[in-house]
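Overview (structure and organization)
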Amino acid sequence: CADSDSDEIKLVFVGQYSAGKSSILKMLTGRSDIAVGAGITTQETNTYEWNGMKVIDTPGIGTEIRLDHDAISYKAIAEADMLVFVITNELFDSHLAEHFRKLAIEKDKAGEMILVVNKMERTSEGNTEDQQAIIREDLRKVLDPYTPEQMNLCFLDADSYLEAASEDDPEIIGELTQRSGYKQFIDTLN
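Model, not experiment: these values are computed from the prediction.

Before going further, it helps to spend a moment on the overall build of the chain. Per the secondary structure count, the chain includes seven helices and six strands. Shown N-terminal to C-terminal, the secondary structure of the chain runs as helices and strands in the order β-α-β-β-α-β-α-β-α-β-α-α-α. Taking all 190 residues of the chain together, 47% fall into the buried category. In the chain, 66% of the contacts between residues at least 6 apart in sequence involve partners at least 24 apart. For the chain, the accessible area works out to roughly 9700 Å², and carbon and sulfur atoms hold 45% of it.

A word on the packing of helix 1 (residues 21-29) against helix 7 (residues 182-189). Two elements in contact, helix 1 and helix 7, have axes whose closest approach is 12 Å; the angle formed by their N-to-C orientations is 85°. Considering their axes alone, helix 1 and helix 7 lie roughly perpendicular with respect to each other. Touching Ile24, Met27 and Leu28 of helix 1 are Tyr182, Phe185, Ile186 and Leu189, all from helix 7. Considered class by class, the residues forming the contact of helix 1 with helix 7 number seven nonpolar, no polar and no charged.

Here Pro148 is to be found in the loop between helix 4 (129-143) and strand 6 (152-155). Accessibility expressed as a relative area gives 3% for Pro148, which makes it buried. Spatially, the C-alpha atom of Pro148 lies 9.5 Å from that of Asp138, the residues being ten residues apart in sequence. Not counting residues up to four positions away in its chain, the partners in contact with Pro148 are Arg136, Leu139, Arg140, Leu143 and Leu153.

Turning our attention to the confidence of the model for the chain. For the chain, per-residue confidence averages 85 on the pLDDT scale, and 87% of positions sit at 70 or higher. Overall, residues 1-5 carries pLDDT values under 50, and its contacts beyond four positions in sequence, including any with other chains, amount to one contact.

Let us now look at the packing of helix 3 (residues 94-106) against helix 4. Contact geometry for helix 3 and helix 4: axes closest at 10 Å, N-to-C directions at 70°. The angle between helix 3 and helix 4 falls in the class roughly perpendicular. Taking contact as the criterion, the partners of Ala97, Phe100, Arg101 and Ile105 in helix 3 are, on helix 4, Lys141, Val142 and Leu143. Here the residues of the contact of helix 3 with helix 4 sort into five nonpolar, no polar and two charged.

Each value, and the rule that gives it
Residues numbered from 1 in each chain as written. Predicted model: local features only at pLDDT ≥ 70, side-chain atom pairs only at ≥ 80, totals over all residues. Heavy atoms only, no water. Helix = DSSP H or I, 4+ residues; strand = E, 2+ residues; numbered from the N terminus. Buried < 20%, exposed > 50% of the residue type's maximum accessible area, 1.4 Å probe, protein only. Contact = heavy atoms within 4.5 Å. Areas by Shrake-Rupley, 256 points an atom, 1.4 Å probe, with all protein chains shown as cover. Axes fitted to C-alpha atoms, helices over the stretch in contact; angles between N-to-C directions. Parallel < 35°, antiparallel > 145°, perpendicular 65-115°, else oblique. Nonpolar A, V, L, I, M, F, W, Y, C, P; charged D, E, K, R; others polar. pLDDT = per-residue confidence, 0-100.

Below you can see the structure in the form of structure tokens.
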């Protein structure tokens with residue numbers, strides 16, 4: 001019996017625990033049943049439908065707390081057509097940088113990867129072009145031999161987008177949505 005899902009694109013969200021992978025998926029899919037919160041909220045892979053694709057949420061990698069999460073995540077990565085690697089505005093620690101480089105360089109996935117820097121509202125100026133330029137420079141060492149300009153790179157603040165959903169004022173909704181980076185992210189995904 002053939003796998004009826006074999007033609008469906010698998011977009012796997014992977015990266016740092018508590019970086020907001022589930023919040024980004026909640027933003028992307030509009031589903032209210034996706035659990036989000038501080039700490040480790042995703043224990044196993046969860047699959048959702050979006051835009052004719054399967055989007056897959058994975059537990060955080062490199063936590064040193066739950067080593068089984070790495071195995072769960074790497075199994076999903078092996079089956080992925082495209083990866084969304086999520087980090088926070090605080091960027092890479094040595095463990096996370098090692099996982100990223102393993103995927104992007106050793107496994108040659110850089111061309112099939114979107115690097116997302118989430119929680120941009122925690123930077124000194126928020127999700128602005130100036131802050132994005134600073135982070136782009138900080139990323140150069142970890143991304144080498146690639147440059148930030150060669151990567152599919154997005155700057156998000158998923159919480160701003162989710163906060164907009166509870167607002168009534170169209171001006172505030174517009175500001176929060178713009179700050180979230182949602183449109184750039186959707187454009188990059190498409």
